[in-house]
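# Architecture and fold: a report
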Amino acid sequence: MGEDAGRGSECQKIMDGKVNNGNGSEKAIPSCCLKARASAPELEAKCHPTVVSGWFSESQSSSAGKMVYFNNPMWPGEAHSLKVESILYKAKSDYQEVLVFESSTYGKVLVLDGIVQLTEKDELAYQEMIAHLPLCSIPSPKTVLVVGGGDGGVLREISRHSSVEHIDICEIDRMVIDVSKKFFPELAVGYEDPRVCLHVGDAVEFLRHVPKGKYDVIIVDSSDPVGPAQELVEKPFFETIARALRPGGVLCNMAESMWLHTHLIEDMISICRETFKGSVHYAWASVPTYPSGVIGFLICSTEGPQVDFVNPINPIEKLEGAYHHKRELRFYNSEMHKAAFALPSFLKREVRLLCDSATPARGICVS
Ligand code: SPD
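Rules of the game
Residues numbered from 1 in each chain as written. Predicted model: local features only at pLDDT ≥ 70, side-chain atom pairs only at ≥ 80, totals over all residues. Heavy atoms only, no water. Salt bridge = Lys/Arg side-chain N within 4 Å of Asp/Glu carboxyl O. Helix = DSSP H or I, 4+ residues; strand = E, 2+ residues; numbered from the N terminus. Buried < 20%, exposed > 50% of the residue type's maximum accessible area, 1.4 Å probe, protein only. UniProt positions renumbered as here; feature names shortened; annotations may be inferred. Contact = heavy atoms within 4.5 Å. Polar contact = N/O pair within 3.5 Å; in protein donor to acceptor, adjacent residues only side chain to side chain. Near = heavy atom within 4 Å. Areas by Shrake-Rupley, 256 points an atom, 1.4 Å probe, with all protein chains shown as cover. Core = buried A, V, L, I, M, F, W, Y, C linked by side-chain atoms within 4.5 Å. Expected span 1.5 Å × (residues − 1). Phe/Tyr/Trp six-rings, centres within 6.5 Å; stacked < 30°, edge-to-face > 60°. Lys NZ or Arg CZ within 6 Å of the ring centre and 35° of its normal.

As a further point, take the pattern of salt bridges. Taken as a whole, this structure holds 13 salt bridges when the rule is applied. Note that Glu205 and Arg208 form a salt bridge whose closest N and O atoms lie 2.6 Å from each other. You can see Glu205 and its partner Arg208 sitting in helix α8 (residues 203–208), three residues apart, about one turn around the helix. Glu205 gets classed as partly exposed once you look at its relative accessible area, which sits at 36%.

What follows is about the UniProt feature "active site" (unreviewed entry) in the chain. The sites that UniProt annotates as "active site" (unreviewed entry) are Asp221. Residue classification places Asp221 among the buried residues on the basis of a relative accessible area of 9%. The contact partners of Asp221, leaving out residues within four places of it in the chain, are Tyr126, Gln127, Ile130, Val147, Gly148, Gly149, Asp151 and Val154. At 2.6 Å, the side chain of Asp221 forms a polar contact with the side chain of Tyr126.

Let us look at the site of the ligand. Near the ligand the following residues occur: Val116, Gln117, Tyr126, Gln127, Asp151, Asp221, Ser222, Asp224, Tyr290 and Pro291. Between Gln127 and the ligand, the recorded distance is 3.1 Å, taken from a side-chain N or O atom to a nitrogen atom. Between a nitrogen atom of the ligand and a side-chain N or O atom of Asp151, the distance comes to 2.6 Å. For the ligand, the accessible surface in isolation is 340 Å², of which the surrounding protein chains cover 98%. Contributing elements (two or more residues each) for the shell around the ligand: β10 (115–119) and α4 (123–135).

Ranked by internal contacts, the top residues of the largest apolar core, which has 41 residues, are Tyr126, Ile130, Leu133, Ile158, Ile219 and Phe297. Those elements that provide at least two residues to this core are α4, β11 (143–148), α5 (153–158), β12 (166–171), β14 (215–221), β15 (245–254), β16 (280–286) and β17 (294–301). Ranked by residues supplied to this core, first place goes to α4 with seven residues. Dropping the residues within four chain positions of it, Tyr126 is found in contact with Asp221, Ser222, Met254, Val287, Tyr290, Ile295 and Phe297. By size, the runner-up hydrophobic cluster in this structure holds 37 residues, among which are Leu145, Val220, Ile241 and Met268.

Another point: α4. For α4, built from 13 residues, the straight-helix expectation of 18 Å at 1.5 Å per residue is met to within 8% by its first-to-last C-alpha distance of 18 Å. Most of α4 sits out of view: 13 of its 13 residues are buried.

It is worth spelling out the packing of aromatic side chains at this point. Going through the model one piece at a time under the given rule, you end up with six aromatic pairs. With a centroid separation of 5.1 Å and 35 degrees between ring planes, the pair formed by Phe56 and Phe101 is classed as tilted. Of this pair, Phe56 sits in strand β4 (residues 55–57) while Phe101 is found in strand β8 (residues 97–103), placing the two residues 45 residues apart along the sequence. Each of the two residues, Phe56 as well as Phe101, counts as buried. By the ring-pair criterion, three or more aromatic residues cluster together here, those being Tyr126, Tyr290 and Phe297. Stacked on the ring of Tyr106, the Lys or Arg Lys121 has its end atom at 5.0 Å from the ring centre. Geometry around Tyr191 places Lys181 over its ring, the cationic atom sitting 4.8 Å from the centre.

The structure is reproduced here in structure tokens:
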């Protein structure tokens, strides 16, 4: 599956068994050295444009041996780095570049278009929160849709809820699913649940054909809104989501970092306030390998039975077998749930305008 790691110009020469003499000519590397190199992970680790001197950086790339900074528009002026032990997989799908590497300290890492999606060490925080925040906020959820989430980690978490009868997942990129099944079995285990129905395709298109009011909960586990995922933070998308939810149904949407993306968060809250007539809240959790070390969740309900997001009505501690299903819960509990809605003063201030104009009766507030 996939291409060999090691296509960069300099790396390729070493892998091909040639080395520069210093005077411009190349001489063959003795076979004993080649064997030694074949087992040297640091050599392989240099063979990807985002890996420079054995370190992967989210916002850097190497070209012809020189370091180049992308200046990622989502987090300009910073680059989080992880030490690379070996590159396990790299390939280009129809949608994005897929990279898996073994890091020194966070286990295996999945990267899409140069951006960290998950690491074995801290994936639990994101997947547990994005799944249980909505599922524990309503009594007895039955029908769930996951948008994106091809790695299967969110499915794994949903499957802890025995009230759930049916889980649709719509992931656009089959390669993400295959790669997860091969390299991240602890996440892909989510696909083994017989309640799961996989749809490989465009979620916007999928949602257009969904019967009105079909889902109790929709979870949007997307990549960042640059490129193909841009549509997923725009009003028409939220409108199709609201239409697909039953009255009092809940959306939980990945909503970036409060340190880096307050404007985006404001825009998303503002769109959701217009679209979801129940309540709109912002929650967050710490995920060390995401930019700035935190990730947010926009959580909304449609008009209908009132949802109290802050105080879980369906607490995980009371759900038979949920704590230990497949593997132990490691991050989420009812205290973390409540705490996730506590916001720092600067964020409250920045979104105050939204709160001031909100109707308190609708329970909206980032406060
Ligand atoms: N900045 C990275 C945000 C990634 C969100 N999606 C992660 C997918 C894990 N299931």
